[in-house]
Amino acid sequence: MTGKLCIASLSAALVVTSALVILKLAARSQWRREVDKRSRDPGRQLSRSGPRELLDELEDRELETIRYQEEAVRRPRAALFSTPDRVPGSWPGRPRGAGHVSSDWWGRAGRAVGDPLGCSEFRNITGIEFLGSGYTKTVLKGTLQDGTPIALKTVNSQGDEVMRCVRRYGQTRDCHRLAAFKIIKEISLLQKLQHPNVIQLYGQCYHGRLEDEPVITAMMELGTPVEMIQLLQTPWEERFRICLSLVKLLHYLAHSPLGSVLLLDFQPRQFVIVDGELKVTDLDDVSTEELSCKADSDCVLEFPTRNFNLPCTAEGKCHKINEKRNLYNAFRFFFTYLLPYSAPPALTPLLCEIMNATGDLRYGINKTLYAFEDVLYLYKSGFHHNHSQSWLEDYKIFEGFRIQDHSDYKCWPSYNHQGCLLSVYNKEEAATICHSQQQCQSFIFTQRTTWLGRYLVSFRSSTELVLDVNSTVYMKSSSFKALM
Ligand SMILES: Nc1ncnc2c1ncn2[C@@H]1O[C@H](COP(=O)(O)OP(=O)(O)OP(=O)(O)O)[C@@H](O)[C@H]1O
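Residues numbered from 1 in each chain as written. Predicted model: local features only at pLDDT ≥ 70, side-chain atom pairs only at ≥ 80, totals over all residues. Heavy atoms only, no water.

J.: Just checking my understanding: could you explain empty space enclosed by the protein for this structure?
T.: Leftover empty space is mapped by rolling, across the atoms, a probe with the size of a water molecule. Considering all chains together, one arrives at 1 cavity of 30 Å³ or more under this definition. Taken as a whole, the largest cavity holds about 50 Å³ of empty space. Taken together, Leu263, Leu264, Asp265, Phe266, Gln270, Phe271, Val280, Asp282 and Asp285 make up the full set of residues lining the largest cavity. (1 Å grid on protein atoms, 1.4 Å probe; cavity = no way out; pocket = protein on both sides within 12 Å on 5 of 7 lines; lining within 4 Å. Points joined across faces, edges and corners; volume = space filled by probe spheres on them.)

J.: What is the right way to read unusual backbone geometry from this model?
T.: Glycine aside, residues mostly have negative phi angles, and peptide bonds mostly take the trans form. In this structure, the amide linkage connecting Trp412 to the following residue, Pro413, adopts the cis form with an omega of -5°. With respect to the element layout, Pro413 can be found in the loop between β13 (395-403) and β14 (420-424). The residue Ser342 is not glycine, and still its phi comes out positive at about 55°. Along the chain, the position of Ser342 falls in the loop between α8 (321-338) and α9 (348-359). Owing to a relative accessible area of 35%, Ser342 belongs among the partly exposed residues under this scheme. (Helix = DSSP H or I, 4+ residues; strand = E, 2+ residues; numbered from the N terminus. Buried < 20%, exposed > 50% of the residue type's maximum accessible area, 1.4 Å probe, protein only.)

J.: What exactly am I supposed to notice about helix α11 (residues 427-436) here?
T.: In an α-helix, one full turn covers 3.6 residues, which means residues spaced three or four apart are oriented alike. For α11, the complete set of buried residues consists of Glu429, Ala430, Ala431, Ile433 and Cys434. Buried residues belonging to α11 abut β13, β14, β15 (442-449), β16 (455-460) and β17 (465-476). (Contact = heavy atoms within 4.5 Å.)

J.: What exactly am I supposed to notice about the layout of surface pockets here?
T.: Taken as a whole, the second largest pocket spans an internal volume of roughly 560 Å³. For the second largest pocket, the lining is made up of 27 residues, of which Ser133, Gly134, Val139, Arg269 and Thr281 are closest to its centre. Contributions of two or more residues to the lining of the second largest pocket are made by β1 (126-133), β2 (137-143), β3 (149-155) and β8 (271-274). Counting residues per element, the lining of the second largest pocket draws most heavily on β1, which supplies 3 residues. Across the lining of the second largest pocket, the residue classes break down as 11 nonpolar, 7 polar and 9 charged. (Nonpolar A, V, L, I, M, F, W, Y, C, P; charged D, E, K, R; others polar.)

J.: When you look at the sheet that holds β15 in this model, what are you seeing that I'm missing?
T.: Hydrogen bonds between backbone groups are what pair the strands of a sheet, and the pairing can be parallel or antiparallel. Reading across the sheet, the 5 strands line up as β13-β17-β15-β16-β14 and stay open at both edges, with antiparallel pairing between neighbours. Taken across any chain shown, the strands that pair with only one partner, and hence form the sheet edges, are β13 and β14. Going from strand to strand, the sheet's axes swing by 35° on average, the running direction of each strand aside. Sheet analysis places β13 next to β17, joined by 8 bridges and oriented antiparallel. Looking at β17, one finds that Phe398 is bridged to Val473. α11 rests against β13, β14, β15, β16 and β17 of the sheet, and its axis sits at about 135° to β15. (Pairing = 2+ DSSP bridges. Axes fitted to C-alpha atoms, helices over the stretch in contact; angles between N-to-C directions.)

J.: Got a minute to help me understand the site of the ligand in this structure?
T.: As a matter of local geometry, the ligand sits amid 21 residues, with Tyr135, Thr136, Lys137, Lys153 and Arg269 nearest to it. The separation between an oxygen atom of the ligand and a polar side-chain atom of Lys153 is 2.7 Å. Between a nitrogen atom of the ligand and a side-chain N or O atom of Thr281, the distance comes to 2.7 Å. Placement of the ligand is best described as lying within the second largest pocket. Elements represented by at least two residues in the shell around the ligand include exactly β1, β2 and β3. Grouping the constituent residues of the shell around the ligand by class yields 8 nonpolar, 6 polar and 7 charged. (Near = heavy atom within 4 Å. Polar contact = N/O pair within 3.5 Å; in protein donor to acceptor, adjacent residues only side chain to side chain. Sits in = over half its atoms within 2 Å of the grid points.)

J.: Please clarify how the pairing of strand β9 (residues 277-280) should be interpreted in this entry.
T.: One face of the sheet, then the other: side chains in a regular strand alternate in exactly this way. Along β9, one buried face is formed by Glu277 and Lys279 and the opposite face, lined by Leu278 and Val280, is buried too. Relative to β9, β8 is paired through 4 bridges, and the arrangement is antiparallel. Within the sheet, the bridge partner assigned to Phe271 lies in β9 and is Val280. Count of turn residues in the β8/β9 antiparallel hairpin: 2 residues, of which Asp275 carries a positive phi of about 50°.

J.: Explanation requested: the side chain of Asp408 in the structure shown.
T.: Assignment of secondary structure puts Asp408 in the loop between β13 and β14. At 2.5 Å, the side chain of Asp408 and the side chain of Ser461 are in polar contact. Reaching out from Asp408, the side chain makes a polar contact with the backbone nitrogen of Ser462 at a distance of 3.4 Å. Once you skip the residues sitting within four places of it in the chain, Asp408 turns out to touch Gln418, Arg460, Ser461 and Ser462.

J.: What exactly am I supposed to notice about the packing of α8 against α9 here?
T.: If you want to describe how two helices pack, look at the angle between their axes and the distance between the axes. Between α8 and α9, whose axes approach to 9 Å, the crossing angle comes to 140°. Overall, the two elements α8 and α9 adopt an arrangement that is oblique. In the crossing of α8 with α9, the sense of the turn from one axis to the other is left-handed. Listed contacts from α9 to Leu327, Tyr328, Phe331, Phe335 and Thr336 of α8 are Met355, Thr358 and Gly359. Of the residues that constitute the contact of α8 with α9, the class distribution is 5 nonpolar, 3 polar and no charged. (Parallel < 35°, antiparallel > 145°, perpendicular 65-115°, else oblique. Left-handed = near helix turned anticlockwise from the far one by under 90°.)

Take it as geometry only, folks, not as evidence of what the structure does.
Written out as C-alpha cells, the structure reads:
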C-alpha cells in the first residue's frame, strides 16, 4: 500500500469496524518494532517519557474501541426496553402509556437511512466552512451532492490534545494518530448508540495508512451548537423540549447496548440542536465502567458544590453511579437554567418536584422520564390551562379579516422578535392571555403550530382590520365598541 488514499468506503458498519481493528492490529506490531528501534537509538528518543509510553496510550485507546465492539455483542438489546418504575404520586389521570416513549422513538431523523457514506461521497462535498473546534477535533460544515448539509469531524492538529502530546513525547505523527483514535472511538460508539438524541453518523472516510499520518473524517448530521444565552430567550415550550430530549437521551444511555454510559465531559458544548431537539455530538469521552467498591464509603459522587453517597452493591459496584452522575449534570447544566423559568403556572408544582428530586438525586432516570412525560401530557392536553373562567365571550369574532401588518407591541418570550407570538392550546387560552396583557386588544391564529401541535397566535394592540379570507380576528368587545 502507498501513502495515498488507500481505504475505500465500506458498506456495512460492522465491516468498517472490523477492518479498522485488523488494520490497527497490523499497525501495532509495526509501531512496536519502530518504538523498539527508537528506544535502542538514543538520538531518536525525543523525550524522556519516550515513545514507549505513547505506544501504551495508543494501545489503550485501541483496546478501548475493541472493547466497545465486544460489549455491544455481549449485551442483549432487550435491556433497552426495561420498564421504568412508576413515579409515586404522579398525576393519576394520565392514561397508561400516554405521552410515553413510543415506537417511533427509534426512528432516525436527518438523512434517510441508507448505505453509509464513504470516500467517494466525501470527495464530492462542497461549500466547506469551518464550524468549530475543541480539545481533539476540528468540525467543518459541507454539503453532499444531493444537497444534504453535513458536519465533518477530523483531527485538530492545533488542538490541545495533539499539542500536549507533542510537547510531552515529541512525536507529531504518533500524537496525531493518538487523536485519530478518539475519532475512531467516536465512530464506533455512534454506530452502537443509535437514538434520536444521539447525532447520526452518516459515514466515514480514511485516507492514508495508519502507520503514516492518517486523515480520518467522520461524516455526520449537522446541528447548531448549544448557546445557553440564546436558549434562555426562547419560549418555555422550546426549553422544555431541550430538557425532555436530554432526559430521553440519558434514559437511553442508562440502558444502552454497551451498558450504562457515562458522559465524562458533560457540558453544553458537547451537544448540538437539530430541528429543536438536543443531540449529543461528542462521544469520544465516555465510559461504560461503573465504579468498583468494597464499602459504601467508596461510592462518593463528587460535584463542585455537592457530594452524594451511593450504596456499594453485593457485586462490588457503586449502584447506578453512571446514571446518577449524568442526571445530576443534566440538572446543574440544563434543568436549573431552562426548566422552571416562565413555565405555565399550573405546571409549576410538577416542575418543582422534578427540580427537587433530580437536584437531590432522589429520582433515577426512569422516574425522571416518567415525571417529564406527565408534564408533557398535561401541557399537550391543555389541562394546565385554568378553565374556571372563560374570557372568550368578551371577544367579537371577525371572520375573513386580519389585523393590519405594522409593528406592534412585543412580549416575552415571543416566538418572533417583532411582536407577541405565543403558543396556545385553544381559543380559550388565547383569550385568557389577551385578557392578562394590558396592551392586547385582539388576537389572530396563524397557520403555524409548535412541535406539540399548539397553535401560534399573534397578540396585537392594533384594531385596524384588513380583509383576508384566510384569517379570523378575535377582538376585545371593549376595543370594538371604541371603534364604533
Ligand atoms: N454535528 C455537529 N454539528 C454542528 N456543530 C458541531 C457538530 N459536532 C460538533 N460541533 C461543534 O464543534 C465543536 C467541537 O466538536 P467536538 O466536541 O466533537 O470536539 P472535541 O475536540 O471533542 O471538543 P471538546 O474539547 O469539547 O471535547 C463542538 O463544541 C460543537 O460546537
